[in-house]
Amino acid sequence: MASKRPEHQGPPDIFYNEEEARKYSQNTHIIDVQTKLSERAIELLNLPDEESCLVLDVGCGSGLSGEVLTDLGHQWVGLDISSSMLDVAQEREVEGDLVLGDIGYGMPFRAGAFDGAISISALQWLCQADKNYHNPIKRLYKFFSTLYSCLARGARAVLQFYPETPNQVDMITQQAMKAGFTGGLVVDYPNSTRAKKMFLCLFAGGQVQELPTGLTGEEGNEGVRTQARYDTERQRYRHLRGKSLKKSRTWILEKKDRWRNKGRDVRPDSKYTARRRPKPF
Amino acid sequence: MLTSNILKGVTKGFPLKIKAVKVENVSVDYNRDFVARILQRIEYGALQSAVKDLGLNESLPETMSDAMQQDDEFLKLMHKVLLEYEIEEGELICPETGRKFPISKGIPNMLLQETEVS
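Below, the structure is looked at part by part. In this convention, every chain numbers its residues from 1, walking through the sequence in written order. Going through the entries in the order they are written, you letter the chains from A and number the ligands from 1. Per-residue local features are limited, in this predicted model, to residues with pLDDT of at least 70; the limit for side-chain atom pairs, both in listing and counting, is 80 or more; totals at the level of whole chains, interfaces and linings are taken over all residues.

1. Notes on the overall build of chain A
Note the cut-off: For helices the rule is a DSSP run of H or I covering at least 4 residues; for strands it is a run of E covering at least 2, with both sets numbered from the N terminus onward. For the exposure call, what matters is how many other C-beta atoms sit within 10 Å of a residue's own: 20 or more marks it buried, 12 or fewer exposed, and in between partly exposed, using C-beta atoms placed from the backbone. We call two residues in contact if the C-beta atoms placed from their backbones are at most 7 Å apart.
Along the backbone of chain A there are ten helices and seven strands. Here chain A holds 281 residues, and 37% of them are scored as buried. Considering only contacts within chain A whose residues lie at least 6 apart along the sequence, 67% involve residues at least 24 apart.

As structure tokens, then:
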């Protein structure tokens, strides 16, 4: 898996060439994932209701995240290093203004210009040193310090990223704190490898704000599932050391439960769950 | 146009001088609240010089007062100037260093060379 990470294949301005950029505008799965991430990021951004704000989109790419912002009635300015991605964004006629630039060199914006900032799957690129004079730590610091200054006081920045190692998370949060931000990491679906999503939720000054909590996949199901439900069954399979007989109803229910905890889409349990199909003639 | 008011040069260069080759006029839905909100953030002097740089046929008042920020006429004008003018091709010039940032297809290129980074 590690070698499949796009950061390893080349610098972002070269990796996101025309072909790769076109993928981003046509692949419905990518669009779906990006849109969901953006919606969650904007939710975490906690912008004032019913007000149109100016938001910075760091690593806007083809403007998928920007479209979500437009739908919610906000104005946005996007910054990206790949001109091909920005061309795609231009073709898609996104509402926001686009700027070509390298976030590792800092934000080219005036102080206090934005009400908030989002970034979807871009920050991990800063952890790579693509040129010999690149220093990830310095680039991160430059990014965070200039981001801090271009945000209005009390504004939030929500940055979703895919860290490769726990070290990267440390490095990123350390530099963010050094730049003056408060806040921290919000992790959605921490039990799952695939559905786990990291959001760095940063506050630029203002009064102390409470960090939002991550989703666990159990919202809305609360009270439906009870811990005691498996108690009797567990007795029956005691000889299996707590494990249920494979393909049995309890085994299936446990597996469904496990998947639900990982945040995957699982059909609700019913009396038909794990029932055998009728034998054909 | 809105972006030009918040973009700055490498270190301090602001406002960037605009040299436009092609300006397009797009229509954007008028949102009074947004314009009123964003006006508090706008550097009015920079906007005036930007309008002068572009040679736009808009007459902006000399100064902006608080009362004008509630005036619908003025807000509509601001909306037109800020959101509806789009520079398709041209250049942004840093007033301090003279560094030129080209604009192509409406996207300003703010990429820097290694030597320009402090």
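Text resumes after the structure shown.
2. Here's the deal with the overall build of chain B
Summing up its helical and strand segments, chain B has four helices and four strands in all. In chain B, the succession of α and β elements from N to C terminus is α-β-α-α-α-β-β-β. The buried share of chain B, taken over its 118 residues, is 29%. In chain B, the proportion of contacts linking residues at least 24 apart, taken out of those at least 6 apart, comes to 71%.

3. As for the packing of helix H2 (residues 32–39) of chain B against helix H4 (residues 72–84) of chain B
All names here are of chain B. Put simply, the rule reads: Fitting a line to C-alpha atoms yields each axis, with helices limited to the stretch in contact; the angle taken between N-to-C directions then spans 0 to 180 degrees. We call two directions roughly parallel when the angle between them is under 35 degrees, roughly antiparallel when it is over 145, roughly perpendicular when it lies between 65 and 115, and oblique otherwise. In this classification, the charged set is Asp, Glu, Lys and Arg, the nonpolar set is Ala, Val, Leu, Ile, Met, Phe, Trp, Tyr, Cys and Pro, and all remaining amino acids, among them Gly, are polar.
Relative orientation of the contacting elements H2 and H4 amounts to 85°, with a least axis distance of 10 Å. If you check the angle between H2 and H4, you find them roughly perpendicular. Taken together, the residues of H4 that come into contact with H2 (itself represented by Arg-32, Val-35, Ala-36 and Leu-39) are Leu-75, Met-78 and His-79. Tallied by class, residues from the contact of H2 with H4 come to five nonpolar, one polar and one charged.

4. Focus on the nonpolar core
Stated precisely, the cut-off is as follows: For the purposes of this analysis, a nonpolar core is taken to be any set of buried Ala, Val, Leu, Ile, Met, Phe, Trp, Tyr and Cys residues that are connected through C-beta atoms within 7 Å.
Judged by nonpolar contacts, the single largest core of 77 residues is most densely connected at Ala-41, Val-55, Phe-114, Ala-117, Leu-147, Leu-151 and Val-158 of chain A. Aside from chain neighbours lying at most four places away, what touches Val-158 of chain A is Ala-41, Leu-44, Leu-45, Ile-118, Phe-199 and Cys-201 of chain A.

5. Focus: helix H10 (residues 249–261) of chain A
What counts, and what does not: For a helix, the expected span equals 1.5 Å multiplied by the residue count minus one.
With 13 residues, H10 of chain A extends 18 Å between its outermost C-alpha atoms, agreeing within 8% with the 18 Å of an ideal straight helix rising 1.5 Å per residue. Backbone geometry just after H10 of chain A places Gly-263 of chain A at a positive phi near 85°.

6. Notes on the pairing of strand E7 (residues 197–204) of chain A
Residue and element names in this part refer to chain A. Stated formally: If DSSP finds at least two bridges between two strands, the strands pair.
For E7, the tally of buried residues reaches seven of eight residues, placing the bulk of the element in the interior. In the sheet, strand E5 (residues 151–161) pairs with E7 via seven bridges, with the strands oriented antiparallel. Residue pairing across strands places Gln-160 opposite Phe-199, the latter belonging to E7. Note that strand E6 (residues 182–188) and E7 share seven bridges and pair antiparallel. Each residue of the ladder has a partner; that of Val-186, found in E7, is Phe-199.

7. Some thoughts on unusual backbone geometry
Excluding glycine, most residues fall at negative phi; most peptide bonds, likewise, are trans. All names here are of chain A. Although it is not a glycine, Ser-121 sits at a positive phi angle of roughly 50°. Checked against the element boundaries, Ser-121 lands in the loop between strand E4 (114–120) and helix H7 (136–150). On the basis of neighbour count, Ser-121 is assigned to the partly exposed category, with 18 C-beta atoms found within 10 Å. Of note, the phi angle at Ala-274 is positive, near 65°, even though the residue is not glycine. Locating Ala-274 in the fold gives a position in the segment after H10.

8. Considering the pairing of strand E3 (residues 97–100) of chain A
All names here are of chain A. The line we're drawing: If the strands point away from the viewer and the path from the first strand over the helix to the second runs clockwise, then the crossover is right-handed.
Neither face of E3 is left uncovered, since the one carrying Asp-97 and Val-99 and the one carrying Leu-98 and Leu-100 both have all their residues buried. Alignment of strand E2 (residues 75–80) against E3, held across four bridges, turns out to be parallel. Bridge pairing in E3 links Gly-78 to Leu-98. Chirality of the crossover, the property in question, places the unit of E2, helix H6 (residues 83–91) and E3 among those that are right-handed.

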